[in-house]
Amino acid sequence: MPDTRRPTNGSDTDGIRIGVYVCHCGTNIAGTVDVKAISEYAATLPGVVVARTYKYMCSDPGQALIQQDIRDLRLNRIVVASCSPLLHEPTFRRALDRVGLNPFLLQMVNIREHVSWVHLDKPAATAKTNDLVRGAVRRVARHKPLQKRRVPINPSVLVVGGGIAGIHAALTLADAGKHVYLVEREPTIGGHMAKFDKTFPTLDCAACILTPKMTAVGSHPLITLWTYSEVLKVSGYVGNYRVQVRRKPRYIIEDLCLGCQECITACVYKEGKTRDEFNLGLSKRKPVYLPFPQAVPQKVVIDPETCIEFKSGKCKKTCIEACGERKAIDFKQKESLEEIEVGTIILATGFTTFNAARNAYYGYGRYPNVYTSLEVERLINASGPTSGELVLRDGTRPKAVGIIHCVGSRDANTNRWCSKVCCMYSLKLAHLIKERTGADIFNFYIDMRTPGKGYEEFYDRLLDEGVHFVRGRVAEVTEWAAHPSEKGKLIIRAEDTLAAFVRRIPVDMVVLSVGLEPQPDAQAVRRLFNISCSNEGWFLERHPKLAPVSTFTEGVYIAGACQGPKDIPDTVAQAGAAAAEALALVDAQFVELEPYTAFISEEECSGCKSCIPLCPYQAISFVEEKKKATINEVLCKGCGTCVAGCPSGSIQQNFFEDEEIFDEIEGVLAYA
Amino acid sequence: MRNRQLIHAPEPHEAFEPRIVAFFCNWCTYLAADLAGTSRMKYAPNVRVIRLMCSGRVDPQFVLDAFAQGADGVLIGGCHPGDCHYQEGNYKALRRYHLLQRVLRQMGIEDDRFRLEWISAAEGDHVRSVINDMVEKVRALGPLQLNGMTEDALEEVAV
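Bear in mind that the values here come from a model prediction, so they are computed numbers and not experimental data.

1. Topic: the overall build of chain B
Piece 1. From N to C terminus, chain B includes 5 helices and 4 strands.
Piece 2. The secondary structure elements of chain B, listed N-terminal to C-terminal, are β-α-β-α-β-α-β-α-α.
Piece 3. Counting over 159 residues, chain B shows a buried share of 59%.
Piece 4. The contacts in chain B between residues at least 6 apart in sequence include a share of 81% that link residues at least 24 apart.

2. Quick look at the packing of helix α6 (residues 164–175) of chain A against helix α7 (residues 206–219) of chain A
All names here are of chain A.
Piece 1. It is at 10 Å that the axes of α6 and α7 come closest, and there the two elements cross at 50°. Between α6 and α7, the crossing angle belongs to the class labelled oblique. The crossing of α6 and α7 is left-handed. Mapping the contact onto sequence places Ile164, Ile167, His168 and Leu171 in α6 and Leu210, Lys213, Met214, Ala216 and Val217 in α7.
Piece 2. Counted by class, the contact of α6 with α7 contains 7 nonpolar, 1 polar and 1 charged residues.

3. A closer look at the pattern of salt bridges
Piece 1. Counted according to the given criterion, the structure contains 55 salt bridges over all chains.
Piece 2. One continuous salt-bridge network, built from bridges that share partners, spans A:Glu89, A:Arg93, A:Lys148, A:Glu594 and B:Arg51.

4. As for the environment of A:Pro304
Residues and elements named next belong to chain A.
Piece 1. Examined against the element boundaries, Pro304 turns out to sit in the loop between β16 (301–302) and α9 (308–312).
Piece 2. Here Pro304 falls in the partly exposed class, since its relative accessible area comes to 29%.
Piece 3. Remark: the alpha-carbon pair of Pro304 and Phe331, spanning 27 residues in sequence, is separated by 9.0 Å.
Piece 4. Excluding residues that lie within four positions of it along the chain, Pro304 makes contacts with Tyr251, Phe310 and Lys311.

5. Section: the state of the cysteines
Note: disulfide means a covalent bond formed between the sulfur atoms of two cysteine side chains.
Piece 1. One pass over the structure, following the stated rule, counts 1 disulfide over all chains.
Piece 2. Left unpaired, A:Cys636 is separated from the closest cysteine sulfur, that of A:Cys642, by 6.3 Å.
Piece 3. Summary of cysteine pairing: B:Cys84 is not part of a disulfide, and the nearest cysteine sulfur, belonging to B:Cys54, is at 4.0 Å.

6. Brief notes about the sheet that holds strand β3 (residues 77–82) of chain A
Residue and element names in this part refer to chain A.
Piece 1. The strand order across the open sheet built from 4 strands is β2-β1-β3-β4, with neighbouring strands paired in parallel fashion. In this open sheet, the two strands that pair with only one neighbour each are β2 (48–54) and β4 (106–110). Here the average twist between neighbouring strands, direction ignored, is 15°.
Piece 2. Bridge count for strand β1 (residues 18–23) against β3 is 5 bridges, and the pairing is parallel. By the bridge assignment for β3, Tyr21 is matched with Val80.

7. Regarding the nonpolar core
Piece 1. Counting residues in each nonpolar core, the largest one holds 98 residues, and the members touching the most others are A:Val20, A:Ile78 and B:Phe23.
Piece 2. When residues of this core are sorted by domain, at least three fall in each of domain 1 (3–148) and domain 5 (598–653) of chain A.
Piece 3. Contacts of A:Ile78, omitting those with residues within four sequence positions, involve A:Gly19, A:Tyr21, A:Ile66, A:Ile70, A:Leu96, A:Leu101, A:Leu105, A:Leu106, A:Gln107 and A:Val140.
Piece 4. Grouped together as the second largest cluster of nonpolar side chains are 84 residues, A:Tyr241, A:Val288, A:Val549 and A:Ala582 included.

8. Remarks on the pairing of strand β3 (residues 73–78) of chain B
Regular strands have side chains that alternate between both faces of the sheet.
Residues and elements named next belong to chain B.
Piece 1. β3 sits mainly inside the fold: 6 of its 6 residues count as buried.
Piece 2. Alignment of strand β1 (residues 20–25) against β3, held across 5 bridges, turns out to be parallel. Pairing of Ala22 across the sheet is with Leu75, part of β3.
Piece 3. Across 5 bridges, the pairing between β3 and strand β4 (residues 114–118) is parallel. The residue bridging Leu75 from the neighbouring strand is Arg115, located in β4.
Piece 4. Where the polypeptide runs from β3 across helix α3 (residues 89–106) and back to β4, its parallel neighbour, the crossover connection is right-handed.

9. Topic: the interface of chain B and chain A
Piece 1. On the chain A side, the residues contacting the 61 residues of chain B number 59 residues.
Piece 2. Roughly 5100 Å² of surface becomes buried between chain B and chain A when both sides are summed, with 57% attributable to carbon and sulfur atoms.
Piece 3. On the surface where chain B and chain A come into contact, there are 5 salt bridges.
Piece 4. Its salt-bridge partner being A:Asp131, residue B:Arg48 comes within 2.8 Å of it at the nearest N-O pair.
Piece 5. The tally of links between chain B and chain A comes to 20 residue pairs in polar contact (both at pLDDT 80 or more).
Piece 6. Those elements that place two or more of their residues in the side of chain B that touches chain A are β1, α1 (29–38), β2 (47–52), α2 (60–68) and α3 of chain B.
Piece 7. For the side of chain B that touches chain A, the element with the most residues is α1(B), which contributes 7 residues.
Piece 8. Looking at side-chain class alone, the side of chain B that touches chain A contains 32 nonpolar, 12 polar and 17 charged residues.

10. Description of the sheet that holds strand β11 (residues 229–237) of chain A
All names here are of chain A.
Piece 1. Pairing within the open sheet is antiparallel, and its 3 strands lie in the order β11-β12-β17. Every interior strand has two partners, whereas the edge strands, β11 and β17 (336–342), have only one. Neighbour-to-neighbour, the strand axes of the sheet open up by a mean angle of 20°, direction not taken into account.

11. Concerning the side chain of A:Gln67
Piece 1. Relative to the elements of secondary structure, A:Gln67 occurs in helix α2 (residues 60–72).
Piece 2. Setting aside residues no more than four positions away along its own chain, A:Gln67 makes contact with A:Ala95, A:Arg98 and A:Val99.

12. As for the pairing of β4(A)
All names here are of chain A.
Piece 1. Extensive coverage of β4 is indicated by the burial of 5 of its 5 residues.
Piece 2. Residues Leu106, Met108 and Asn110 line one face of β4 and the alternating positions Gln107 and Val109 line the opposite face, and both faces are buried.
Piece 3. The pairing of β3 with β4 spans 5 bridges and is classified as parallel. The residue of β4 that forms the bridge with Val79 is Gln107.

13. As for the domain arrangement of chain A
Piece 1. Annotation of chain A at the domain level lists domain 1 (3–148), domain 2 (150–248 + 335–350 + 519–589), domain 3 (262–326), domain 4 (355–517) and domain 5 (598–653).
Piece 2. Here the C-alpha centroids of domain 1 of chain A and domain 3 of chain A sit 68 Å apart.

14. Some remarks on α1(B)
All names here are of chain B.
Piece 1. Extensive coverage of α1 is indicated by the burial of 8 of its 10 residues.
Piece 2. Restricting attention to buried positions, one finds in α1 the residues Thr29, Tyr30, Leu31, Ala32, Ala33, Asp34, Ala36 and Gly37.
Piece 3. Positive phi shows up at Arg40, right after α1, with a value of about 55°.

Reading guide: rules and limits
- Residues numbered from 1 in each chain as written.
- Chains lettered and ligands numbered in written order.
- Predicted model: local features only at pLDDT ≥ 70, side-chain atom pairs only at ≥ 80, totals over all residues.
- Heavy atoms only, no water.
- Helix = DSSP H or I, 4+ residues; strand = E, 2+ residues; numbered from the N terminus.
- Buried < 20%, exposed > 50% of the residue type's maximum accessible area, 1.4 Å probe, protein only.
- Contact = heavy atoms within 4.5 Å.
- Axes fitted to C-alpha atoms, helices over the stretch in contact; angles between N-to-C directions.
- Parallel < 35°, antiparallel > 145°, perpendicular 65-115°, else oblique.
- Left-handed = near helix turned anticlockwise from the far one by under 90°.
- Nonpolar A, V, L, I, M, F, W, Y, C, P; charged D, E, K, R; others polar.
- Salt bridge = Lys/Arg side-chain N within 4 Å of Asp/Glu carboxyl O.
- Disulfide = S-S within 2.5 Å.
- Pairing = 2+ DSSP bridges.
- Core = buried A, V, L, I, M, F, W, Y, C linked by side-chain atoms within 4.5 Å.
- Domains from an automatic or database assignment.
- Right-handed = clockwise from strand over helix to strand, strands pointing away.
- Buried area = accessible area lost by both parts, 1.4 Å probe.
- Polar contact = N/O pair within 3.5 Å; in protein donor to acceptor, adjacent residues only side chain to side chain.

Structure below.
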């Protein structure tokens, strides 16, 4: 096997002038690692000209220190031992670049996340750091100057999910002059917010603030809105994604439908018989329906599962008659596939609510008067199934209502996280129910969590309104009456932990404040877009504080509750942030890609073709005339799989060349 | 052939602390190790992590070289099946791992010294448990002994 590597020690270190910079990171590193000893040790390593420590190497003076040394000591290789390269590698690379040293002549050593934060024993942590620094010093001597690749960026943006996050992001981008594709799975945009009656703490009506935005999306010349559609496939890379979207047949020609709904009136079903998804089953709909009156687009949908024409082919088709000249109904419509090209992608796929039936002891699904909070949102909504009248299933008004907090939140048996919005929406529901019915309201809470502008004040207001608060997790909801006065009621049993006794409170209606959960297909979606999820299933942001809407996949952003539970103000803020990030990328007109691509040394290549099937991006091809393989740098994403698989050692990867890795291995293992 | 001195283990009177070289992929396991750090989880200080873009970049020679240079164990960390940032590099790593495991076995290197783990970016706790577990197992095995081999074999190992 040819060995292209140069000897490790001796002549080749001539001309290599390394500076080693060890960061204290305040006490984050210096508290566990003897930084001074490390710099002293590093100074003894071959090729090292200078080794220093500094309180905060990433700060301006820290960077200036490195830059000064590069100038004064003619350094040509830099090792920075500090935090994770994922945090500050770009910072230090820029610092090198500014003084004319190629940014790839830097090697970072992660001695915070991988050493000082995970070890307690100072000598052991220091010894480990020494090993890592030695590995980096050996490796950096091999580094070669590299250039980032510049590729043009497609200015169009794909927004996935048409809830308030997706709507806000799409409008922001379109108003900035970018073409946006907004893809929504349901037949209408609006998401969860469209289902709400009022929003806390200001009690603005959700529809009044949402529907104008929905209409704006529907009519914006730069927004291509595809509802009832799903993303099937994503390929490409930042700046140049190719996306395949499946448009499900709604059996209505969208361009021809005016939304007059005459077909709905004319349908052979005089009454709706099917569960109305938008009203969570609290009302029935017909096979041809509009999800809700303010739906965008104002186009009806035909549900093939329940439509007689689809089931038997023998319907009188009164709908077609009613549609008449417009001819918007097409029973033969097929799904279509759209191929689009976009530069960036914003995921705003939202959340789902906790399935209350999982907590069997609260009787959801067993007792008709146990509702989820989302169902109550529909009940009190003026455009809901009861036109805003809060009545029980038998049509009577409740005189006492119990609201149980933290159902499917802060619970070791279901979800451990706090869903963040339930305390506030429970207060809002308490206020609205009291206002509409005058009922006695009992809130059962673990802790009231009301941080936010005007939120605590809203809580105070509810206390003044005479809503009752019982601190304690509810044990059960039962129909079993211990006293004649409890007959026909739902009895809530809970320990009042402030008064220290068990209470039984009979009510007519129970509202379960269900928590927020990741969408059931969040894992499939994350795979589609090549991003990560937290253990709970929320999409993972690049950095929890400094890159909250970015992901580890360049050009893919996340906004809203798909990233974690959040209320409407936070969701809108994130959507704006995601739009701004996408804009920043798009407006630069080109994007810089890491130069970690693989390349083939023609002299070494034997033409065996074993690398070709290893590449998932078809970046490697075979040149028949030369009988050699060649790599298309534009298609190569820089994983290095072909490099490891090449039997003749003729493929190398920039920044991860064999000799760089070998030297790092030997460096970390060499005894001091 | 590369001109290099093989490094031998320290004197036996010192308490044995295993030295493990880990190759972590940039997108899942390296991030998980970062997460373990930001979560302040504590684990054994015996592992030296080398960052690669993908577990598919782990050349079997890296593993052999690490053992030849005195590592008592080698750990590879990649994304879960189906989660690879580069679609399928982790499957290639798995293939190579199984082949290499058989080669190492023939050389008398115990299975517990060479490990492949799928650790996602969210599984900082898994980094901790895998490292602690591996360090304990390698500690129980004792230092890697390649001394029984002929110089020729050692040179071959060194590539």
